[in-house]
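# A look at the structure
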Amino acid sequence: MSKLHIKKDDNVIVIAGADKGKTGKVLKVLVKENRAIVEGVNMVSKSTKPSAKNPQGGIVKQEAPIHISNISLIDPKSGKATRIAVKHDGKKVIRIAKKSGEEIK
């Protein structure tokens with residue numbers, strides 16, 4: 001299993017692709033596929049059949065997975081894209097923004 005620099009609930013910015021510049025929160029990380037689903041990014045139209053949950057059916061807009069290499073964490077201090085450093089403090093793993101040195105929660 002590969003290690004990724006993105007986790008659920010991280011704030012990220014899209015650095016490549018059609019949605020370049022958009023920001024959002026990570027809803028889900030698909031580790032085996034190296035992809036993440038980001039809120040409001042890579043929206044696709046999907047046809048749905050009528051069901052108990054959605055009795056009308058029709059076309060629904062939803063987020064599609066985006067490749068991990070096309071997103072970057074947002075620096076909590078500056079609000080721009082940043083890389084991260086990983087420090088091991090005993091049992092705890094701390095992620096630190098390279099640009100500002102701030103800890104990423």
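See the structure shown above.
Notes on the structure in this doc start here.

Reading guide: rules and limits
Residues numbered from 1 in each chain as written. Predicted model: local features only at pLDDT ≥ 70, side-chain atom pairs only at ≥ 80, totals over all residues. Heavy atoms only, no water. Pairing = 2+ DSSP bridges. Helix = DSSP H or I, 4+ residues; strand = E, 2+ residues; numbered from the N terminus. Core = buried A, V, L, I, M, F, W, Y, C linked by side-chain atoms within 4.5 Å. Buried < 20%, exposed > 50% of the residue type's maximum accessible area, 1.4 Å probe, protein only. Contact = heavy atoms within 4.5 Å.

### Here we look at the pairing of strand 2 (residues 23-30)
Where strand 1 (residues 11-14) meets strand 2, 3 bridges bridge the pair, whose relative direction is antiparallel. In the sheet register, Asn 11 faces strand 2, and the bridge partner there is Lys 25. Where strand 2 hands over to strand 3 (residues 35-38), the hairpin turn is made up of 4 residues, of which Asn 34 adopts a positive phi near 55°.

### A look at the nonpolar core
Buried together is how nonpolar side chains tend to be arranged in soluble globular proteins. Counting residues in hydrophobic clusters, the biggest one holds 14 residues, and the most contacted among them are Ile 6, Val 12, Val 38, Ile 66, Ile 71 and Leu 73. Those residues in contact with Val 12 that lie beyond four places of it in its chain are Ile 6, Lys 22, Thr 23, Gly 24, Val 26, Val 38, Ile 71, Ser 72, Leu 73 and Ile 74.

### So, the sheet that holds strand 9 (residues 84-89)
The sheet built from 3 strands is open, its strands ordered 9-10-11 with antiparallel pairing. Each edge of the sheet is formed by a strand with only one pairing partner; in this case those strands are strand 9 and strand 11 (103-104). Examined bridge by bridge, strand 9 and strand 10 (residues 92-97) share 6 bridges and lie antiparallel to one another. Residue Lys 87 lies in a different strand from strand 10, and its bridge partner there is Ile 94.

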